[in-house]
Amino acid sequence: MNRSFAYRASLVLMAILAALWTLFPFAWYFLVSLTTPGHIPRRFSFPDVITFQSYVAALLGGGTEGATANVSILPNLINSFIVAGLTVAGCTVLGFGAAYVFSRGRSTVLSVLFNGLLVIRMTPAVSLAVPIYLMINSYGLADTHLGLSLVHTMLSLPLAIWLLKGFIDGIPTEIEEAALIDGASVPQTLRYIIIPLAAPGIAVSACFVFLASYVEFMFASILSRGTADTLPIAIAGYNSEHQTFYNEMAAASFMSMIPLFAFFYVAGRYMVRGLTMGAVK
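Keep in mind that this is a model prediction, so the values were computed, not measured. (Residues numbered from 1 in each chain as written. Predicted model: local features only at pLDDT ≥ 70, side-chain atom pairs only at ≥ 80, totals over all residues. Heavy atoms only, no water.)

S.K.: Could you clarify how one ought to interpret a nonpolar patch on the surface in this entry?
M.R.: Taken together, the side chains of Ile-50, Phe-52, Val-56, Leu-59, Leu-60 and Leu-74 present a nonpolar region at the surface, about 570 Å² in accessible area. Among the elements that make up the nonpolar patch, the one with the highest residue count is helix H2 (residues 53-60) (3 residues). Considering the arrangement of structural elements, one finds Val-56 in helix H2. (Patch = residues over 30% accessible without salt bridge, like charges linked within 9 Å, V, L, I, M, F, W, Y side chains within 5 Å. Areas by Shrake-Rupley, 256 points an atom, 1.4 Å probe, with all protein chains shown as cover. Salt bridge = Lys/Arg side-chain N within 4 Å of Asp/Glu carboxyl O. Helix = DSSP H or I, 4+ residues; strand = E, 2+ residues; numbered from the N terminus.)

Here you go:
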């Protein structure tokens, strides 16, 4: 009994230490966002004066004079949602179709192609920066939502296919065969049987793709020139040549998390169900 209690207590202690280690930087940065602009706490302590001035400056503009991002982040938030939404739509449609073929097809060619997708996923994205920039620029898609979403789709599509294939593999083929015998066509089988059963997997894939696109910085900085600047570009703009405006940067960073919390709150139940499907078979 004592041994069991000690074991549980050690697990709880490790969980608390892990949580503190993970949350401490966020807590300190949150206090920075509540500090008067220009003042940075040198230690973890509550500021003498709590102010939301940095949040107002980041949301409405008019922050500290000299900041390169001395404007509202709302346009950048809209850009991030547009790009992430297009990316999720592209990865979901293309990824589901490809995953279904890879799951139900049985050939050496499909196996080689699927493994090739995993190799592409392992390729450092920075090595593709130059050819992607030249390609997007040659088609006149630089500094556009469509151009940036196409790049994000290319980067996230292998992951989406890999995730969706795992969920489709878990759907028995006998269900499809029974539907076809009863007179259903292949599109009807996909629409009324496969897609509803794979909905948790689609939600998991959409969450990962949305997050990857929402926080992506490198290609957004390369392909954007003002019109399609996303939130990471706006947050990086608080780092000027001579000074970093930590208070406004912290406030903008925490406000950028709010849409993510809302998104994962809505899709959370599907995501949890999808992640645990394999464990309850």
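Let's pick the thread back up.
S.K.: Would you explain the pattern of salt bridges in this entry?
M.R.: Side chains that differ in charge, positive against negative, can pair when their charged atoms come close. Applying the stated criterion across every chain, the model contains 2 salt bridges. Across the pair Arg-104 and Glu-176 runs a salt bridge, and its minimum N-O distance is 2.6 Å. Here Arg-104 is found in helix H3 (residues 74-104), whereas its partner Glu-176 is found in helix H7 (residues 173-181), with 72 residues between them in sequence. A salt bridge links Lys-165 to Asp-169; the nearest nitrogen and oxygen atoms lie 2.9 Å apart. Placement of both Lys-165 and Asp-169 in helix H6 (residues 145-169) is noted, with a separation of 4 residues, approximately one turn of the helix. The buried category is assigned to Lys-165, whose relative accessible area is 18%. Since its relative accessible area comes to 41%, Asp-169 is described here as partly exposed. (Buried < 20%, exposed > 50% of the residue type's maximum accessible area, 1.4 Å probe, protein only.)

S.K.: Explain the nonpolar core here, please?
M.R.: The tendency in soluble globular proteins is for nonpolar side chains to be buried side by side. In terms of nonpolar packing, the biggest core is built from 43 residues, with Ile-73, Phe-96, Ile-161 and Tyr-238 touching the most fellow members. Judged by nonpolar contacts, the second largest core, of 11 residues, contains Ala-129, Ala-142, Phe-219 and Ala-220. (Core = buried A, V, L, I, M, F, W, Y, C linked by side-chain atoms within 4.5 Å.)

S.K.: How should I be thinking about the packing of aromatic side chains in this particular structure?
M.R.: How two aromatic rings sit relative to each other is set out by the distance from centre to centre and by the angle between their planes. Applying the stated criterion across every chain yields a total of 7 aromatic pairs. Relative to Tyr-214, the ring of Phe-81 lies with its centre 6.0 Å away and its plane at 75°, an arrangement referred to as edge-to-face. Separated by 133 residues along the polypeptide, Phe-81 in helix H3 and Tyr-214 in helix H9 (residues 199-215) bring together distant segments of the chain. Its relative accessible area of 36% is what places Phe-81 among the partly exposed residues. Residue classification places Tyr-214 among the buried positions, given a relative accessible area of 3%. Taken together through their ring pairs, the aromatic side chains of Tyr-29, Phe-30 and Phe-254 make up a single cluster. Note that Lys-165 overlies the ring of Phe-114, its terminal NZ or CZ placed 5.1 Å from the centroid. (Phe/Tyr/Trp six-rings, centres within 6.5 Å; stacked < 30°, edge-to-face > 60°. Lys NZ or Arg CZ within 6 Å of the ring centre and 35° of its normal.)

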